[in-house]
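If you want the building blocks of each chain, they are given just below.
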Amino acid sequence: MGIPAGQWIRHNTSGTTQFASFDVGDVIKITNSDENNGIYTINSITDDSTYSYMGLTGPSISDDGSDAGVVITDISSKGNRVVCLGDEDTGEVDIWSYSDATDEDGSFAVSPVVGTNGWSTTAIKPVLSGSNANFIFTQVDDTIRVCDTNQANASSIKWYGYLAHRAFGPKGGTFGGYEEHPNILQKPSRGGKVTTAYGAEESYGVENDGGTALTDKFDIRRWLKVGINTSATDKAANFTDNKIQPATDGDGLSIATNVPMGIVIGMGQDDDNDKSTSIGAERFLVRSIDIVGADSYNMTVYRGYAGTLPAAVDVSANSFIYQYGCGFNFLPAENGTADSGTYMANVYEFAQSFIYENDQESLLRTDTDMGAANTLTTSNPSRALDVTVYAHGPYPGRIKGGRIYQRISGTNQPWSLLVDINFQRGCRTALDAQYITWSDASGGDVPDGCFYCAGLKSIHPQIDTYSSLNGFEPDIDFTSIGGIGERYQTAVIAGRRMFIANLQLKNTTGGVERFGDRIMYSEPNKFDTFPQYNFIDVSKGDAEDYVKLEFFADRLLAFKQHTLHVINIQNSSPAGWYLEKAVKHVGVSYPYSVVRTPLGVAWANQTGCHFFDGRNVSDLTQGKIKEVGSTVGDSPSWDSFVTGSSTGYTVKPVVMYVPKKKQLVILRNPDHGSTDTNQCYIYDFKTNSWVYDTSLFTEAQEITNSIVDWNNNLVYAYGVDGSNVKFKQISDTSSSAVTQSFITKDIDFGQPAYVKKIYKIYITYKNSGSSALADDMYVAVDGSTTFANSSISSPHSLYDVAITGTFAASQSNWNIATFSFSKPLLCQSLALKFLGGSTSGISINDISFEYRILRKRVS
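For the structure given in this document, a descriptive report is provided here.

Rules used throughout
Residues numbered from 1 in each chain as written. Predicted model: local features only at pLDDT ≥ 70, side-chain atom pairs only at ≥ 80, totals over all residues. Heavy atoms only, no water. Helix = DSSP H or I, 4+ residues; strand = E, 2+ residues; numbered from the N terminus. Buried < 20%, exposed > 50% of the residue type's maximum accessible area, 1.4 Å probe, protein only. Contact = heavy atoms within 4.5 Å. Areas by Shrake-Rupley, 256 points an atom, 1.4 Å probe, with all protein chains shown as cover. Salt bridge = Lys/Arg side-chain N within 4 Å of Asp/Glu carboxyl O. Core = buried A, V, L, I, M, F, W, Y, C linked by side-chain atoms within 4.5 Å. Disulfide = S-S within 2.5 Å. Phe/Tyr/Trp six-rings, centres within 6.5 Å; stacked < 30°, edge-to-face > 60°. Lys NZ or Arg CZ within 6 Å of the ring centre and 35° of its normal. Pairing = 2+ DSSP bridges. Axes fitted to C-alpha atoms, helices over the stretch in contact; angles between N-to-C directions. Patch = residues over 30% accessible without salt bridge, like charges linked within 9 Å, V, L, I, M, F, W, Y side chains within 5 Å. Lys, Arg positive; Asp, Glu negative; His and termini not counted. Charge placed at Lys NZ, Arg CZ, Asp CG, Glu CD. Polar contact = N/O pair within 3.5 Å; in protein donor to acceptor, adjacent residues only side chain to side chain.

1. A closer look at the overall build of the chain
Per the secondary structure count, the chain includes four helices and 58 strands. Burial statistics for the chain: of 859 residues in total, 52% are counted as buried. Look at the contacts in the chain between residues 6 or more apart in sequence, and 63% of them connect residues 24 or more apart. Accessible area for the chain stands at about 36500 Å²; split by element, carbon and sulfur atoms hold 46% of it.

Structure follows, in structure tokens:
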């Protein structure tokens, strides 16, 4: 087949099978190469009888035949589908990947089954300490946010998503695959204006041995002043379960204070940050920190982070921790040419930020944060500013760059853009300017991972300011939610914003305040950016909290325990949003009692099953299911169905939607906290009818919330033996033999006050079964719930009657069955019940009655 056109890599053995585990179109990550680390797309796989070749699209590949031990990793998302399974006991979330799943025999698995390939255990860990975790998952685009709603736990909101990019060039960080990160948008913790050139180690936060050193405020690689617990016997060279146990001061405060989650760290041999400090090449991302005891502050990490290779680490020799990617240093200077720009002689101060995915910007690191001078004094008018930017990576994978701003020192002028920083493309001094690419600074006293961007010239202050770029001011208290102790109880994506409600937020003193009545909303397409004033307080002090948010037809449905708020958010500006209606007595106590369907939003509570179609709220059970009291035939009244009997009269219905059948399934209870938890009602949108069922679910079986999978099947998981779980799909074949009955409403023919004399009943039907059904119609009169087909008595008659008739077998076309009374039946109203049996295939189209009204009014 020959050598592919364009750039390629090769395997020194012929045959395309050398790359059999890859496909054209796959995205790969190359690591452990001297020059060619990065993200590439495979455009061809060929051979020429001597070598096998992989044609690649992406960054320029250097001819480096000396590369040895190169690692090629397939990081393709391939339209992956994932299933998240939260463990309430461990506070962890396992992920099942559709793309990676195979059955035990190696064949492709089409549904998640615990025990098959495709599972990644502890993929997300929101809970730091505590138990009985109660997770909510919010998915948008290629990312998932996970929040533990249990207010007793110490937890943080986690972001989980797919990354595939390279930073700074061949020797920069290479990111590929799914990662978890804290959901908070941290601003730079170090960095500022320096006076050293790009060849000096001080420019990158590395101190001079014994010479004039920068203060630690410019340590964009810094020593965290936390050591490794070298005596921990379970922390071998490669760290058991990817956990590192730091040495603490006895109560864990040093690790909890000095090692933030979501940072990139390295391990070295010295307790300082000098240029002679020996730090291993492997990098780690701190995913979470266990805070379960004085001696158990373990850090869970990703090994071999940002394209570095995992290697055995001698913790007794490399017992000190260093953070990378703390911020940016930069060298601004007054341009030496007259009239080179429009900056005037003045004192300028600077600020910097991080940019996360979707152009989400952190708050600013300013002089106030630094506690040190961060200014430049210029002496000539009409000059440009020359800038060099320094970076010391790798940075966390969610951070894609940053910005540097300037303004006249001591003023309240808006922060004007000075440099826009992009880790992949370089830096520029205006949003419409060309990028200047990064240069590798490593060599001599400058360690690996240091990069600079020189030759930047800002001719004039930009009209782009922090406020105009983001839509909010930089001096607010917070723009994101996700610190330890912060949480929300419900969330929904609506109009390309994320809405969250019933909040716990940190205040300026570090304490946590609760806002049960508050709804907050993100900036458009920035699902983690919540400026502190982006909130809606529809009602306060009504002794109710928000339980569930849902969205349909430009309306935000905000459910409290007793009240529903319908908020119109059709306007693109929040100033145009308004409360459209507040509906009493239709609230819910649990979020799983609400489901969104393509037709509208449905929910169940003690008063009925309700539905919002985009305009109005209706009760789907009204006139169809008895509200309170005894059963009707085999079907319980709504109140007795929905109300638990053994746990304090709880109401915990689970509402599910079956897309393929356009049906609602309302399960009585998702756990074994009540009897008869297998009971359910099924509503059919096509016929506007209800069916009662006890066969779809198992009594006293705890289940998860349901999901609709990629094949539009309704699926839920349930526990087995107290430890394992299985998944079940609700379908026509969920039960092998289901006995169904059909009960009409109590029919009064529109004249409830008069007695009717009924002679015959005509039913249009089909029967797919091979057996005829004789005398299988039962009658109850005048509101009675007792059905019979013989000895039918009525208070309006002196005699009892019987009803007879037959559904013929094998009727593929519509036929009419006639059911006759032995004598005319006298009643004010009647209901019909048809049992059918487990093998019948009866379909009913319509029912007609032969009767006349007796002009005898009954009180």
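Now, onward.
2. Comments concerning the pattern of salt bridges
Applying the stated criterion across every chain, the model contains 24 salt bridges. When the shortest N-O distance is used, the salt bridge between Asp445 and Lys275 registers 2.9 Å. On the criterion of sequence distance, the pair formed by Asp445 in the loop between β29 (439-440) and β30 (450-458) and Lys275 in the loop between β17 (264-268) and β18 (284-289) is long-range, its members being 170 residues apart. Residue Arg303 pairs with Glu282 through a salt bridge whose shortest N-O separation is 2.6 Å. Taken together, the residues Arg303 in the loop between β19 (299-302) and β20 (320-324) and Glu282 in the loop between β17 and β18 connect sequence positions 21 residues apart. Using a relative accessible area of 6% as the deciding quantity, one classes Glu282 as buried.

3. Quick word on the environment of Ile291
Within the element layout of this structure, Ile291 appears in the loop between β18 and β19. With relative accessibility at 24%, the residue Ile291 sits in the partly exposed group. Measuring from C-alpha to C-alpha, the distance between Ile291 and Ala154 comes to 8.3 Å, with 137 residues separating the pair along the chain. Once residues lying within four places of it in the same chain are set aside, the contact partners of Ile291 are Leu128, Ser129, Ala154 and Tyr297.

4. Thoughts on the nonpolar core
Grouped together as the largest cluster of nonpolar side chains are 38 residues, with contacts concentrated most on Val389, Val419, Ile421, Phe423 and Trp438. Of all elements in the fold, only β13 (158-166), β20, β22 (347-356), β25 (385-392), β26 (399-408), β27 (416-422) and β30 reach the threshold of two or more residues within this core. With near-sequence residues (within four places) excluded, Val419 lies in contact with Val387, Val389, Gly402, Arg403, Ile404, Cys427, Arg428, Thr429 and Leu456. In terms of nonpolar packing, the next biggest core, distinct from the first, is built from 24 residues, Ile747, Ile763, Ile803 and Phe834 among them.

5. A word on the state of the cysteines
Following the criterion strictly, the structure yields zero disulfides and no others. Considering cysteine sulfurs only, Cys453 is the nearest to Cys427, which forms no disulfide, with 3.8 Å between them.

6. Some remarks on the packing of aromatic side chains
On inspection of all chains with the given rule, the structure shows 45 aromatic pairs. In this structure an aromatic cluster arises from ring pairing among Phe611, Trp638, Phe641, Tyr657, Tyr681, Tyr683, Phe685, Trp690 and Tyr692. In this arrangement the basic side chain of Arg287 is found over the ring face of Tyr302, its NZ or CZ atom lying 4.6 Å from the centre. The residue whose ring lies beneath Lys560 is Tyr546, and the NZ or CZ to ring-centre distance is 4.8 Å.

7. Describing the sheet that holds β13
Note on sheets: strands pair through backbone hydrogen bonds, and any given pair is parallel or antiparallel. With antiparallel pairing, four strands are arranged side by side in an open sheet as β10-β11-β13-β14. Every interior strand has two partners, whereas the edge strands, β10 (135-140) and β14 (174-182), have only one. On average, each strand axis in the sheet is tilted by 20° relative to the strand beside it, whichever way the strands run. Pairing between β13 and β14: nine bridges, direction antiparallel. Paired with His165 across the two strands is Phe175, which belongs to β14.

8. Brief notes about a negative patch on the surface
Together, Asp87, Glu88, Asp89 and Glu702 line one region of the surface with negative charge. Here Glu88 falls in the partly exposed class, since its relative accessible area comes to 42%.

9. A look at the side chain of Asn502
Summarising the element assignment, Asn502 is placed in strand β32 (residues 497-506). Polar side-chain contacts of Asn502 include one of 2.9 Å to the backbone oxygen of Tyr546. If sequence neighbours within four positions are ignored, Asn502 has contacts with Arg487, Tyr488, Gln489, Arg514, Phe515, Gly516, Arg518, Asp545 and Tyr546.

10. Regarding unusual backbone geometry
With omega at 10°, the peptide bond leading from Gly393 into Pro394 counts as cis. Summarising the element assignment, Pro394 is placed in the loop between β25 and β26. In this structure, Ala553 is a non-glycine residue whose phi angle is positive, near 55°.

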